[in-house]
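Coordinate inspection notes
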Amino acid sequence: MVPIIDKISQLINEYYIDPILHDSGYNIVNTVTWAIILGICIFGIVKLLKRMNVNITDRLTASVIPFILAGSSLRVIEDTGMLEPPVSYLFITPNIYFLVFFVTVIFLIIAKLVSRSMNKDFEMVFALFGCAWFIANIAYLLHLEDIVLPWVPVFVIVSASALLYVLYLVFDRAGSDILKNKLNLSILGVHLLDASSTFAGVDFLGYYEKHVVPAFLIDLTGTALVMYPLKLLIFLPVIYILDTQFNEDEESRTLKTFLKLVIIMLGLAPAVRNTIRMMLGV
């Protein structure tokens, strides 16, 4: 019995604990595990928002964006090395997602109370809290570090925007309105930002990819340019499936909107973190 327990403990340390303690990235085991946990959490969060009488709409999605930016910039604070263990462990994936979610829910409750008492738009108040948090993080980061590579955010934004515009024209000329939906456009946009940040970091600045599949493909091809077709091959079909298979009733459409928000988060969070890190030379 003891050798079995030791073996299980060794596996847990190797695949789950050590990647957090050493911030060494992902492996196939913890990647699948985090994906399963995310899937379970999605349905739990949808139910939580319903209980809080928060409608899952495009406006709510837009109001959550500042909190994604805040979470990403918070992650960069840990990247600077200013936080010491065990506090620093809270700011490493997947722990930081739970931390940011907890803080976001608190701001969500406060925003509902404030908007009700002041007769203000709830989503606007909620977004302002997120913006304030993001600005505070950026101010602290600029206090800690200097901007050493100002071209990085310009390159990331311009390259992603240019490719997104070309894709929009291609789909429009082909008679498809899939990218005329703002959330669909946002999904491709943020994931192209992620691809651009990875390309800049890996090919130009010597960073390396921590996720399993992208790292394998980058090693296979010898360039992070592979991130662009990878993103399109994954998310164009995902968008099509969501738009064609989740329209049966109001509950399905609500879940579709929330899933799109999650997909935006999964692209925007690493894109912002990568870009800020490189800009500050962290």
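Now for a quick tour of the structure.

Rules of the game
- Residues numbered from 1 in each chain as written.
- Predicted model: local features only at pLDDT ≥ 70, side-chain atom pairs only at ≥ 80, totals over all residues.
- Heavy atoms only, no water.
- Helix = DSSP H or I, 4+ residues; strand = E, 2+ residues; numbered from the N terminus.
- Buried < 20%, exposed > 50% of the residue type's maximum accessible area, 1.4 Å probe, protein only.
- Contact = heavy atoms within 4.5 Å.
- Core = buried A, V, L, I, M, F, W, Y, C linked by side-chain atoms within 4.5 Å.
- Salt bridge = Lys/Arg side-chain N within 4 Å of Asp/Glu carboxyl O.
- Expected span 1.5 Å × (residues − 1).
- 1 Å grid on protein atoms, 1.4 Å probe; cavity = no way out; pocket = protein on both sides within 12 Å on 5 of 7 lines; lining within 4 Å.
- Points joined across faces, edges and corners; volume = space filled by probe spheres on them.
- Nonpolar A, V, L, I, M, F, W, Y, C, P; charged D, E, K, R; others polar.

The next point concerns the overall build of the protein. Summing up its helical and strand segments, the protein has 10 helices and 0 strands in all. The linear arrangement of helices and strands in the protein, starting from the amino end, is α-α-α-α-α-α-α-α-α-α. Each of the three principal axes of the protein carries a C-alpha extent, and together these read 55 × 50 × 45 Å. A burial count over the protein gives 44% of its 282 residues as buried. Considering only intrachain contacts with a sequence separation of at least 6, the fraction spanning at least 24 residues in the protein is 72%.

So, about the nonpolar core. Residues Leu-188 and Phe-258 are the most contacted members of the largest nonpolar core, which totals 64 residues. Ranked by the residues each element gives to this core, the list is headed by helix H10 (residues 250-280), at 12 residues. With sequence-adjacent residues up to four places away left out, Phe-258 is seen in contact with Ile-42, Ile-45, Val-46, Leu-49 and Ile-56.

Turning next to the pattern of salt bridges. The full count for this structure, using the stated rule, is 10 salt bridges. With a shortest N-O distance of 2.8 Å, Asp-79 and Arg-273 are connected by a salt bridge. Within this pair, whereas Asp-79 is found in helix H3 (residues 58-79), its partner Arg-273 is found in helix H10, the two being separated by 194 residues in sequence. Of the residues examined, Asp-79 reaches a relative accessible area of 15% and is grouped as buried. Of the charged contacts in the structure, one is a salt bridge between Lys-231 and Asp-194, with a shortest N-O distance of 2.7 Å.

Compared with the 34 Å implied by 1.5 Å per residue over 24 residues, the 35 Å span of helix H4 (residues 95-118) between its first and last C-alpha is a close match. Residues Ile-96, Val-100, Val-103, Thr-104, Val-105, Leu-108, Ala-111, Lys-112 and Ser-115 constitute the buried set of H4. Of the surrounding secondary structure, the elements contacted by the buried residues of H4 are helix H2 (28-51), H3 and helix H5 (122-144). Directly beyond the C-terminal end of H4, a positive phi value near 55° is found at Asn-119.

Moving on, we come to the environment of Asn-247. Along the polypeptide, Asn-247 turns up in the loop between helix H9 (227-245) and H10. Sequence spacing of Asn-247 and Phe-235 is 12 residues, and the spatial spacing of their C-alpha atoms is 19 Å. The residues touching Asn-247, leaving out its near neighbours within four places in the chain, are Ser-252, Arg-253 and Lys-256.

Here the second largest pocket defines a volume of roughly 500 Å³. Mapped by element, the contributors of at least two residues to the lining of the second largest pocket are H3, H5, helix H6 (151-173), helix H7 (182-205) and H10. By residue number, the principal contributor to the lining of the second largest pocket is H10, which donates 7 residues. Of the residues belonging to the lining of the second largest pocket, the class tally is 17 nonpolar, 3 polar and 2 charged.

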